[in-house]
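# Commentary on secondary and tertiary structure
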Amino acid sequence: MKPIIEIKGLKASVEGMPILKGVDLTINSGEVHAIMGPNGSGKSTLASVLAGNEDYEIEDGTVDYLGHDLLEMDVDERAREGVFLAFQYPVELPGVSTMNFLKQAVNSVREHRGQEPLGAAALLRLAKDKAALIELDARLKQRSVNQGFSGGEKKRNEIFQLAMLEPTLAILDETDSGLDIDALRSVSHGVNQLRNPDRGFLIITHYQRLLNYIEPDFVHVMAGGRLVRSGGRDLAVELEEHGYDWIQTDH
Amino acid sequence: MNTDTQYLHEVAESDYEHGWSTDIDADTIPKGLNEDVIRLISSKKQDPYWMLESRLRAFRHWQTLLADSEKYPRWAHINYPQIDFQEISYYSAPGNKPKYESLDEVDPELIKTFEALGIPLEEQKVLAGVAVDAVIDSVSVATTFKEELAKHGIIFCSFTEAIENHGDLVQKYMGSVVPYTDNFYAALNSAVFSDGSFCYIPAGVRCPMELSTYFRINEAGTGQFERTLIIAEEGSYVSYLEGCTAPRRDENQLHAAVVEIIAHKDAEVKYSTIQNWYPGNEDGKGGVYNFVTKRGICEGQGSKISWTQLETGSAITWKYPSVILKGDHSIGEFYSVAFTKGRQQADTGTKMLHLGRNTSSTIISKGISADRSNNSYRGLVRINKGASNARNFTQCDSMLLGDRCGAHTFPYLEIHNPTAQVEHEATTSKVGEDQMFYCQQRGISEQDAIKLLVSGFCQDILTQLPMEFAVEARKLLAIELEGSVG
């Protein structure tokens, strides 16, 4: 077990407004961490900052990712080094075929790792296996990326891409929001299949119901731009009972 | 500026200077235009008398347009200094002298791009201006190809040959779709055109291959005033490809071509163009002025004409491939991608003129502007009084790369029949930062992400191109996009 990411005293703002006010978090290989918290607490900002979204200004702190300074890396470089973000709102790419998109993404990552690029046939085989894993409708692969997909299909497509790209650190930003119970089950099933001793997960969610399906090793509560409480699985249950007000007043 | 773009500029720049040099070899007529020059061009071309007459008629008309400053076309959304027509040489013999003895002398960057585009070796030589042995593959290819066409009774030859061997057809159809009185540049072309292509498909024949000016590249030595005439007899079909995607050595600044298509009953003509002439340098210096008149007529019932174009070159593009829908149930289509960067200006679109009953037309135009370029769509849909149940669907999408470029849409609708159904959709979008972020988060570099998004934007049009052409079009777009955003 080795640290994948070490976040220390991370502060970030958007248009001069502080959002993250000093976040500390370490994720080791094989661990699944969940961050819960009320709307506006900074959960999704943390996900965006780690992925390299330039809308946010880093004010202070360090992020060490496998021995590299993550904050110095470009967005695509982070991705090629194994940081994956499953978006809360995946964008549509009109006219860009899903398979072509995947081919470019997968081969950029492979090239970076010093692997041979995959040809069309090998890629199709891989896509078929991975799509089965999360019960993605095969027809979706024939369409433009996310175009005309339902909310649930978009979220499944994110997890499908996660499976294709095999990241070292997978960040799921409110993947459960907008999912019905069946979609939630199959997405969770997919994520569970993708857990392995070399990979770390950071799961951001508003509701604890996702954690009934994906069992986290650690649960953190975020409020006012800080992780105000950390614990095990039982912390999520406690939150469910008392609501976020309990944390905020307590804090 | 990226190296790919750079070489395009460098190569074309050097050609540009070369093209405007003042030393005159034996086969170039001195600058300027008057009746004597027309007669001289005509005699060099060994025109029959009727052709000379036709040239002179057009020339006299053009002079009246030139004299009347009101008649000089200024309506397009483009800016350029007034052209001095007496400063141009109107004829140089086909088959310009090669510039180089072998490919080793050619800019290696140029060769790299030829290879990226998959251009065969012999063709690379022709394009780069290297001396080519008389017995090369492409010549024999052209010969076999002509034999195959002859079996079907198809005529595909240079305009000069057509005047000589098929004078009756030329006389019958030339100017029937684009008369010399049509516009300023059509008049000029009708007076001075040096050569071009002629194509005749007999009744009931489906042309067994894509006809391409590519096969004629050796003999063409294409002048700046080209003329193309395509005639499709009843029930015939032809797919015609103009130009080729390789960066082209070109020595002329003013291009004023005329293309005419005639489709008889149930005939179908598909005309595809890729245009990437020299666009000028970053400051807008140099570059080709491309003033083209392209028009087809769906003469017979159930006929169909389809224009597809990818325009990435020229400093100025002024071009409106149009269809006159005369036959009942005839169909006109226009699919266009225009990409501008640097200081390029494109004003392009189409005219769909509905005359017959139950006629329908489709217009899909995609404009992409980068840097400080300007990209305009200008389109006219006219439904005449007798054109009952006519339909048109128009979709114009513009994409902006950066914030110093411009996209404009000028749709004109003239509806004179109450049964018409006309739809128009227009969108303008910027390449979204969220889309870029999404691609990059998957490991795709910024440049590749832009290529991916632009090619997605053009997808509907690129699929209209014949397959091999579409592959080249994609590669060309990718090369053009290199370094245009950052």
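What counts, and where the lines are drawn
- Residues numbered from 1 in each chain as written.
- Chains lettered and ligands numbered in written order.
- Predicted model: local features only at pLDDT ≥ 70, side-chain atom pairs only at ≥ 80, totals over all residues.
- Heavy atoms only, no water.
- Helix = DSSP H or I, 4+ residues; strand = E, 2+ residues; numbered from the N terminus.
- Rg over C-alpha atoms; globule rule 2.2 N^0.38 Å.
- Buried < 20%, exposed > 50% of the residue type's maximum accessible area, 1.4 Å probe, protein only.
- Contact = heavy atoms within 4.5 Å.
- Areas by Shrake-Rupley, 256 points an atom, 1.4 Å probe, with all protein chains shown as cover.
- pLDDT = per-residue confidence, 0-100.
- Expected span 1.5 Å × (residues − 1).
- Salt bridge = Lys/Arg side-chain N within 4 Å of Asp/Glu carboxyl O.
- Polar contact = N/O pair within 3.5 Å; in protein donor to acceptor, adjacent residues only side chain to side chain.
- Pairing = 2+ DSSP bridges.

A tally of helices and strands in chain A yields 9 helices and 12 strands. The C-alpha atoms of chain A give a radius of gyration of 18 Å, which matches the 18 Å a tight globule of 251 residues would have. Along the three orthogonal principal directions, the C-alpha set of chain A runs to about 55 × 40 × 35 Å. Buried positions account for 53% of the 251 residues belonging to chain A.

The next point concerns the overall build of chain B. The helix and strand inventory of chain B stands at 14 helices and 19 strands. Here chain B, with 486 residues, has 58% of them falling under the buried criterion. Here the analysis covers contacts within chain B between residues at least 6 apart in sequence; of these, 84% occur between residues at least 24 apart. Counting only carbon and sulfur atoms, one obtains 48% of the accessible surface of chain B, whose full area is about 19400 Å².

Moving on: the confidence of the model for chain A. When pLDDT is averaged along chain A, the result is 89, and 98% of the positions lie at 70 or above. Considering each helix and strand of chain A separately, the mean pLDDT is smallest for helix α9 (residues 244-250) of chain A, with a value of 65, and largest for strand β6 (residues 83-86) of chain A, with 96.

Residue and element names in this part refer to chain B. The end-to-end C-alpha distance of helix α12 (residues 446-457), which contains 12 residues, comes to 17 Å, matching closely the 16 Å that a straight helix rising 1.5 Å per residue would cover. In terms of residue burial, α12 counts as a mostly covered element, since 9 of its 12 residues are buried. Listed in full, the buried residues belonging to α12 are A449, I450, K451, L452, L453, V454, S455, G456 and F457.

Here the focus is the pattern of salt bridges. If you walk through the whole model with that rule in mind, you get 26 salt bridges over all chains. For K130 of chain A, the salt bridge is made with E166 of chain A, and the minimal N-O distance between the two is 3.6 Å. With K130 of chain A in helix α4 (residues 120-133) and E166 of chain A in the loop between α5 (151-165) and β9 (169-173), this residue pair connects regions lying 36 residues apart in the sequence. Salt-bridge contacts for R378 of chain B lead to D347 of chain B; the nearest nitrogen and oxygen are separated by 2.8 Å. Taken as a pair, R378 of chain B in strand β16 (residues 374-383) and D347 of chain B in strand β14 (residues 345-354) lie far apart in primary sequence, 31 residues in all. The class for D347 of chain B is buried, based on a relative accessible area of 0%.

Residue and element names in this part refer to chain A. The residue S186 is located in helix α6 (residues 181-194) in this model. On the accessibility criterion, S186 (4% relative accessible area) is buried. Looking at S186, its side chain comes within polar contact range of the side chain of R156, at 3.2 Å.

With that settled, consider the pairing of strand β10 (residues 304-311) of chain B. Residue and element names in this part refer to chain B. Where burial is concerned, most of β10 is hidden: 7 out of the 8 residues are buried. In this sheet, β10 lies alongside strand β8 (residues 268-275) in parallel orientation, the contact comprising 8 bridges. What sits directly across from T273, in β10, is Q309.

Below, the discussion takes up the pairing of strand β13 (residues 331-340) of chain B. Residues and elements named next belong to chain B. The buried count for β13 comes to 9 of 10 residues, which makes it a mostly enclosed element. Sheet topology places β10 next to β13; 8 bridges connect them, and they run parallel. Bridge assignment links W307 to a residue of β13, and that residue is F334. For β13 and strand β15 (residues 360-369), the ladder comprises 10 bridges, and the chain directions are parallel. Each residue of the ladder has a partner; that of Y335, found in β15, is I364.

So, on to the environment of S330 of chain B. Residue and element names in this part refer to chain B. Structurally, S330 is set in the loop between β12 (322-325) and β13. Separated by 80 residues in sequence, S330 and F410 have C-alpha atoms that sit 25 Å apart. With residues near it in sequence (within four places) discarded, S330 still touches C298, G300, G302, S303, L325, N358, T359 and S360. Looking at S330, its side chain comes within polar contact range of the main-chain oxygen of G327, at 2.7 Å.

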